[in-house]
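# A structural walkthrough
The lines below spell out each chain.
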Amino acid sequence: MTSLDDLWYLADEAAQQAEQTYHDLQDRYEETLTFETTKYVSRPRFRTVASRIQENGAPYGAHTLVTRPSDQLLLVRHAGVGMWVLPGGETEASETFREGAERELEEEAGVTAAYDGMGLLGSVQFVSGDHSTWGVLPVFEATVHRESDDPTVADPDDEITAAQWFSDLPEDTRDREQLRRWRDRRSD
């Protein structure tokens with residue numbers, strides 16, 4: 001099998017896993033706000049994300065939209081991305097998406113929260129030349145019950161450099177438009 005055939009096969013297998021994962025999550029979590037996005041990536045990056053998607057359907061693992069009683073949202077500063085992002089990351093082999101999101105929240109921000117369901121379910125399309133595939137981005141909702149829960153970074157991967165509560169989203173927030181839609185829906 002040539003390298004091109006191998007990449008096509010990997011992309012197809014990844015898309016099939018993403019489809020199954022997406023429908024499983026939609027069935028489990030009703031009333032979830034969905035979104036779609038497209039990312040154009042290099043061939044090596046495409047192979048990496050397609051391999052991750054092939055494992056469990058999710059190229060970036062699971063994330064958490066965590067708020068506190070004042071309705072502030074917790075964001076973490078990701079060094080590799082250079083932006084404020086939701087806490088989260090890849091799941092370990094034995095974890096569910098929610099368990100992975102909880103572990104990542106604890107590692108990246110030192111916060112424990114009560115999970116309320118799923119807030120966003122993303123479909124992320126990846127394109128590299130003639131190849132494309134897609135993966136799922138599950139984003140759970142959670143709340144902390146005290147205003148005094150201050151975040152502390154303890155990221156074992158050293159990707160997260162800061163964690164902070166925000167009333168207003170910073171200009172350099174990844175997926176800013178999806179987060180605004182989620183906030184608008186909550187306030188309705």
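Residues numbered from 1 in each chain as written. Predicted model: local features only at pLDDT ≥ 70, side-chain atom pairs only at ≥ 80, totals over all residues. Heavy atoms only, no water.

### Observations concerning unusual backbone geometry
Trans is the prevailing form of peptide bonds, just as negative phi is the prevailing case for residues other than glycine. Of note in the backbone geometry, E31 takes a positive phi value of approximately 60 degrees without being a glycine. Within the element layout of this structure, E31 appears in the loop between α1 (3–28) and β1 (33–40). Look at D158: it is not a glycine, yet its phi comes out positive at around 55 degrees. Examined against the element boundaries, D158 turns out to sit in the loop between β7 (131–143) and β8 (160–166). Looking at D158, the relative accessible area reads 65%, which means it is exposed. (Helix = DSSP H or I, 4+ residues; strand = E, 2+ residues; numbered from the N terminus. Buried < 20%, exposed > 50% of the residue type's maximum accessible area, 1.4 Å probe, protein only.)

### Topic: empty space enclosed by the protein
Within this structure, the stated rule accounts for one cavity of 30 Å³ or more. Here the largest cavity defines a volume of roughly 200 Å³. Lining of the largest cavity is provided by 15 residues; of these, F35, H63, L137, R174 and D175 occupy positions nearest its centre. The class makeup of the residues in the lining of the largest cavity is nine nonpolar, three polar and three charged. (1 Å grid on protein atoms, 1.4 Å probe; cavity = no way out; pocket = protein on both sides within 12 Å on 5 of 7 lines; lining within 4 Å. Points joined across faces, edges and corners; volume = space filled by probe spheres on them. Nonpolar A, V, L, I, M, F, W, Y, C, P; charged D, E, K, R; others polar.)

### Quick notes on the packing of aromatic side chains
Within the structure shown, the criterion is met by five aromatic pairs. Judged by centre distance (5.6 Å) and plane angle (80 degrees), the rings of Y29 and F140 are edge-to-face. Placement of Y29 in the loop between α1 and β1 and of F140 in strand β7 is noted, with a sequence separation of 111 residues between them. Judged by centre distance (4.9 Å) and plane angle (70 degrees), the rings of W84 and F166 are edge-to-face. A residue pair is termed long-range when its members are at least 10 positions apart, and W84 in strand β4 (residues 83–85) and F166 in strand β8 qualify at 82 residues. (Phe/Tyr/Trp six-rings, centres within 6.5 Å; stacked < 30°, edge-to-face > 60°.)

### Thoughts on helix α2 (residues 43–56)
Counted at 1.5 Å a residue, the expected span for α2 with its 14 residues is 20 Å, and the 21 Å between its end C-alpha atoms agrees. Of all the residues in α2, the buried ones are F46, V49, A50 and I53. Buried residues of α2, seen end-on, are gathered within an arc of 105 degrees and therefore sit on one face of the element. Relative to its buried face, α2 has exposed residues pointing more than 90 degrees away, namely P44 and E55. Positive phi appears at G57, one or two residues downstream of α2, with a value of about 95 degrees. (Expected span 1.5 Å × (residues − 1). Arc of directions from axis to C-beta.)

None of the figures reported here should be taken as evidence of function without further support.
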